[in-house]
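Take a look at the letters that make up each chain.
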Amino acid sequence: MRNLIKNELLHMYSSKEFRIALGLAMFIAIWQGVYVDIYGETIGYAIEGEIEYGGLFECWLGAGVSFAQSYWYYLVMPLIATLAYAGSVFDDKKSGYIKQVCIRSSRRQYYLAKAIAVFIAGGFSCVFPFVINFMIIAMKYPVLYPSLYRGFGPDSSEVGGV
């Protein structure tokens, strides 16, 4: 069983679909990090005449839904998770790989190993960009608690509205 999981994980990391999904997610995460780095000084808001700037927890991709990149990331996240490795069962069936594996092990073990690999691929391709974006944003912004006076949500002008 361990060998099956190991082989599936190695196959996953070398697959074209996984690299495309991870590349798309990383593009959005780095795009948001660079956008916040360049235009971050204009994110400030005034409370009683004082301008306060957003902290790390307000600006990173996971919480800063006021950025269009966060909106787009949450919009394509299900696609990223499924694109990563979910089509591999179809590819294995089409190529005859399932028959070769099931000679050496049972179908149950094969599908369990495949399910574990698909779960890891989807999770990794969705969570790893969050970690990278958090580190990019942490290089510029201090760790401040979010303010209660700041509204959260995407701007309609950033998302394509008027």
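Residues numbered from 1 in each chain as written. Predicted model: local features only at pLDDT ≥ 70, side-chain atom pairs only at ≥ 80, totals over all residues. Heavy atoms only, no water.

(A) Here's a closer look at the packing of aromatic side chains. With the rule as written, the count across this model stands at 10 aromatic pairs. With 5.1 Å between their ring centres and 70° between their planes, Tyr73 and Phe130 make a pair best called edge-to-face. Taken together, the positions of Tyr73 in helix H4 (residues 68-83) and Phe130 in helix H7 (residues 107-138) put the pair 57 residues apart, joining distant regions of the chain. Each member of the pair Tyr73 and Phe130 is classed as buried. (Phe/Tyr/Trp six-rings, centres within 6.5 Å; stacked < 30°, edge-to-face > 60°. Helix = DSSP H or I, 4+ residues; strand = E, 2+ residues; numbered from the N terminus. Buried < 20%, exposed > 50% of the residue type's maximum accessible area, 1.4 Å probe, protein only.)

(B) Spotlight on the side chain of Ser15. Of note, Ser15 is situated in the loop between helix H1 (2-13) and helix H2 (16-39). There is a polar contact of 3.3 Å between the side chain of Ser15 and the backbone nitrogen of Phe18. Filtering out sequence-adjacent residues up to four positions away, Ser15 remains in contact with Ala84 and Tyr85. (Polar contact = N/O pair within 3.5 Å; in protein donor to acceptor, adjacent residues only side chain to side chain. Contact = heavy atoms within 4.5 Å.)

(C) Structural view of the side chain of Ser125. Relative to the helices and strands, Ser125 is located in helix H7. At 2.9 Å, the side chain of Ser125 and the backbone oxygen of Ala121 are in polar contact. A polar contact is formed between the side chain of Ser125 and the backbone oxygen of Gly122, at a distance of 3.2 Å. Setting aside residues up to four positions removed in sequence, Ser125 forms contacts with Phe18, Leu22, Ala25, Tyr73, Ile80, Ala81 and Ala84.

(D) Inspection of the packing of H1 against H7 at higher detail. Direction vectors running N to C along H1 and H7 enclose 40°, while the axes themselves pass 9 Å from each other. Accordingly, the angle class assigned to the pair H1 and H7 is oblique. Handedness of the crossing formed by H1 with H7: right-handed. Counting all contacts with H1, which are made through Leu4, Ile5, Glu8, Leu9, Met12 and Tyr13, the residues of H7 involved are Gln109, Tyr110, Ala113, Lys114, Ile116, Ala117, Ile120 and Ala121. (Axes fitted to C-alpha atoms, helices over the stretch in contact; angles between N-to-C directions. Parallel < 35°, antiparallel > 145°, perpendicular 65-115°, else oblique. Left-handed = near helix turned anticlockwise from the far one by under 90°.)

(E) A nonpolar patch on the surface, seen in detail. On the surface, Tyr13, Phe119, Ile120, Phe124, Val127, Phe128, Val131 and Met135 cluster together into a nonpolar patch covering about 730 Å² of accessible area. Given a relative accessible area of 38%, Tyr13 falls into the partly exposed group. (Patch = residues over 30% accessible without salt bridge, like charges linked within 9 Å, V, L, I, M, F, W, Y side chains within 5 Å. Areas by Shrake-Rupley, 256 points an atom, 1.4 Å probe, with all protein chains shown as cover. Salt bridge = Lys/Arg side-chain N within 4 Å of Asp/Glu carboxyl O.)

(F) Layout of the pattern of salt bridges. Going through the model one piece at a time under the given rule, you end up with 2 salt bridges. The residue Lys114 makes a salt bridge to Glu8 at a minimum N-O spacing of 2.7 Å. With a gap of 106 residues between them, Lys114 in helix H7 and Glu8 in helix H1 connect regions that are remote in the sequence. Several salt bridges converge on common partners, so that one network encompasses Glu8, Asp92 and Lys114.

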